Amino acid sequence: MTTTNALQFPISEAPAMGQPLQVAEGVYWLRMPLPFALNHINLWLLEDHLGWTIVDTGINTSACKELWQQVFDHHLNNKPVHQLIVTHLHPDHVGLAGWICERWGLQLQMSRTDYITCKVLMSDTGQPAPKAAVDFYQRAGATDDQLAYYKTKFGGYGKSIYPMPDSYARLQEGLSVTMAGHRWEIIVGRGHAPEHVCLLCPELNVFISGDQLLPTISSNVSVWPVEPHANPLKDWLDSCAMLQHRIPADVLVLPSHGQVFFGAHKRLQRLIEGHEKSLMTLLETCQQPQRNVDLFSQLFRRPINNDLLTLAVGETQAHLNYLISKNKLQRIPDHHGVVWYQTL
Ligand SMILES: [Zn+2]
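Engineer: Would you explain the overall build of the chain in this entry?
Structural biologist: For the chain, the helix and strand inventory stands at 10 helices and 17 strands. At 21 Å, the chain has a C-alpha radius of gyration in line with the 20 Å of a compact globule built from 344 residues. The dimensions of the chain, computed from C-alpha atoms along their principal axes, are 65 × 45 × 35 Å. Pairs at least 24 residues apart make up 65% of the contacts formed inside the chain by residues separated by at least 6 positions.

This is the structure in structure tokens:
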């Protein structure tokens, strides 16, 4: 057991890539590689007398497919995979859903909003960036070089995802599923993804949190060009508060990145306080009018390169829109179409 920031990590060493490690009765931790700075994702395998449930899939790369094939060949105790659940629409979670469904003849189980949004986003692949999207980053203060780079990368979402199944079974708040011989309650969180499925097993006292609750990273909460006035930070903070009531303080949390941990309530409180601190900092900084891009140094510790621009603009805009919704900040457009923000 190691302890950091009041969280407890009962398994100090993560499993090797593609090697399932038991973390609770019938519940296994499976790690897969990601080709990003964040270099891994945690997936979950749950065993019962019928076979296996997979929760989340990894990204659509040959490396992940090869590791899955090894799992299928050597780690399933001669039982089939009979359920596939995806927590949310991001490519590291849903990337191989279509491939696994084809391989095992399964119907994907996912929330409706994330399934449909995923299909819509995939349809952008191969299309030019729409004017509304370019305008969104231009209003934020992106340079011509940054906008040109954005246009070359547009549609990348669909490239990391195997073609999605054309039908699915809907998971939603209030329903439950059976995995590893136990009932798991579906708890929906919002803000990081539109309708993120988390799974709580009261009998095992285990919580599969996806990206809704991570031990060390603060999940990205972003505004996207398709809905520039969205307020996802309110959704996120409301979800953190909701989870503090819904899940037990001593639950074992199985997150999609980092180590499994105890200390859910403390971590949720820290996430809430982190955003509240950022909001206060922005209000102080915006005593003098600022553009979205001027605020990166207040919110992010690392430098923002072209690849991180959309996440940084999106997360900054989430904080700005939250403050606007509270009537604490005003938008001031200039003659170049760039928006400045000033504290009221
Ligand atoms: Zn995610």
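Engineer: It is not clear to me how the pairing of strand β7 (residues 81-85) should be interpreted in this structure. Could you clarify?
Structural biologist: Along any regular strand, the residues point their side chains to alternate faces of the sheet. Within β7, 4 of the 5 residues are buried, which leaves it mostly tucked inside the rest of the structure. Relative to β7, strand β6 (residues 52-55) runs parallel, the two sharing 4 bridges. What sits directly across from Val 55, in β7, is Ile 85.

Engineer: Is there a simple way to explain the sheet that holds strand β9 (residues 169-171) in this structure?
Structural biologist: Across a sheet, strands are paired by hydrogen bonds formed along the backbone, either parallel or antiparallel in direction. Strands sit in the order β3-β4-β5-β6-β7-β8-β9 across an open sheet of 7 strands; the sheet is mixed. The open sheet has two free edges, formed respectively by β3 (21-24) and β9, since each of these has just one partner strand. Going from strand to strand, the sheet's axes swing by 30° on average, the running direction of each strand aside. Taken together, the 7 bridges between strand β4 (residues 27-33) and strand β5 (residues 40-47) define a ladder with antiparallel strand orientation. Looking at the pairing, Tyr 28 lines up with Leu 45 of β5. Of the strands in this sheet, β6, β7 and β8 (108-111) touch helix α3 (residues 97-104), which is tilted by about 160° from β7.

Engineer: Which parts of the structure should I look at to understand the sheet that holds strand β16 (residues 329-333)?
Structural biologist: Spatially, the 3 strands line up as an open sheet ordered β15-β17-β16, and their pairing is antiparallel. Only two strands of the sheet have a single neighbouring strand rather than two, namely β15 (290-291) and β16. Across 5 bridges, β16 lies against strand β17 (residues 339-343) in antiparallel orientation. Among the inter-strand pairings, Leu 329 is bridged to a residue of β17, identified as Thr 343.

Engineer: Got a minute to help me understand the nonpolar core in this structure?
Structural biologist: What tends to happen in soluble globular proteins is that the nonpolar side chains get buried as a cluster. Of all hydrophobic cores here, the largest spans 83 residues; its most connected members are Trp 44, Leu 84, Ala 97, Phe 207, Val 253 and Leu 254. Apart from the residues within four sequence positions on either side, Ala 97 is in contact with Thr 57, Leu 84, Val 86, Leu 108, Met 164 and Pro 165.

Engineer: How do you make sense of the environment of Arg 190 when you look at a structure like this?
Structural biologist: Here Arg 190 shows up in the loop between β11 (182-189) and β12 (196-201). With near-sequence residues (within four places) excluded, Arg 190 lies in contact with Glu 195, His 196, Asp 235, Trp 236 and Ser 239.

Engineer: Please explain unusual backbone geometry as it appears in this structure.
Structural biologist: Generally, phi is negative for residues other than glycine and the peptide bonds are trans, each holding for most cases. Although it is not a glycine, Asn 78 adopts a positive phi angle of roughly 60°. Looking at the element boundaries, Asn 78 is found in the loop between α1 (62-74) and β7. Positive phi is not limited to glycine here, since Asn 205 has a value of about 55°. Checked against the element boundaries, Asn 205 lands in the loop between β12 and β13 (206-210).

Engineer: Mind showing me how you'd approach the environment of Ala 140 here?
Structural biologist: Along the chain, Ala 140 falls in helix α5 (residues 131-140). The buried category is assigned to Ala 140, around which 26 C-beta atoms lie within 10 Å. Contacts of Ala 140, omitting those with residues within four sequence positions, involve Arg 291, Asn 292, Val 293, Val 313 and Gln 317.

Engineer: How should the pairing of β11 be read in this particular structure?
Structural biologist: Direction of pairing for strand β10 (residues 176-179) relative to β11: antiparallel, over a ladder of 4 bridges. Among the inter-strand pairings, Met 179 is bridged to a residue of β11, identified as His 182. Taking the residues between adjacent antiparallel strands as the criterion, β10 and β11 are bridged by 2 residues, where Ala 180 takes a positive phi near 50°. Bridge count between β11 and β12: 5 bridges; the pairing is antiparallel. Paired with Ile 186 across the strands is Leu 199, a residue of β12.

Engineer: What should I look at first to understand the packing of helix α7 (residues 232-246) against helix α8 (residues 264-285) in this one?
Structural biologist: At a minimum axis separation of 9 Å, α7 and α8 run at an interaxial angle of 155°. By the angle between their axes, α7 is roughly antiparallel relative to α8. Crossing of α7 against α8: the hand is left-handed. Side by side, α7 and α8 meet where Leu 233, Leu 237, Cys 240, Leu 243 and Gln 244 of the first sit next to His 265, Leu 268, Leu 271, Ile 272 and His 275 of the second. Considering only residue class, the contact of α7 with α8 consists of 7 nonpolar, 3 polar and no charged.

Engineer: Would you mind showing me how to read the packing of α7 against helix α10 (residues 309-325) here?
Structural biologist: The N-to-C vectors of α7 and α10 enclose an angle of 90°; their axes lie 7 Å apart at closest approach. Comparing their axes, α10 and α7 come out roughly perpendicular. For the pair formed by α7 and α10, the contact residues are Pro 232, Leu 233 and Lys 234 on the first element and Ala 318, His 319, Tyr 322 and Ser 325 on the second. When the residues that make up the contact of α7 with α10 are grouped by side-chain class, the tally is 4 nonpolar, 2 polar and 1 charged.

What counts as what
Residues numbered from 1 in each chain as written. Predicted model: local features only at pLDDT ≥ 70, side-chain atom pairs only at ≥ 80, totals over all residues. Helix = DSSP H or I, 4+ residues; strand = E, 2+ residues; numbered from the N terminus. Rg over C-alpha atoms; globule rule 2.2 N^0.38 Å. Contact = placed C-beta atoms within 7 Å. Buried ≥ 20, exposed ≤ 12 C-beta atoms within 10 Å, placed from the backbone. Pairing = 2+ DSSP bridges. Axes fitted to C-alpha atoms, helices over the stretch in contact; angles between N-to-C directions. Core = buried A, V, L, I, M, F, W, Y, C linked by C-beta atoms within 7 Å. Parallel < 35°, antiparallel > 145°, perpendicular 65-115°, else oblique. Left-handed = near helix turned anticlockwise from the far one by under 90°. Nonpolar A, V, L, I, M, F, W, Y, C, P; charged D, E, K, R; others polar.

Keep in mind these values describe shape, not function.
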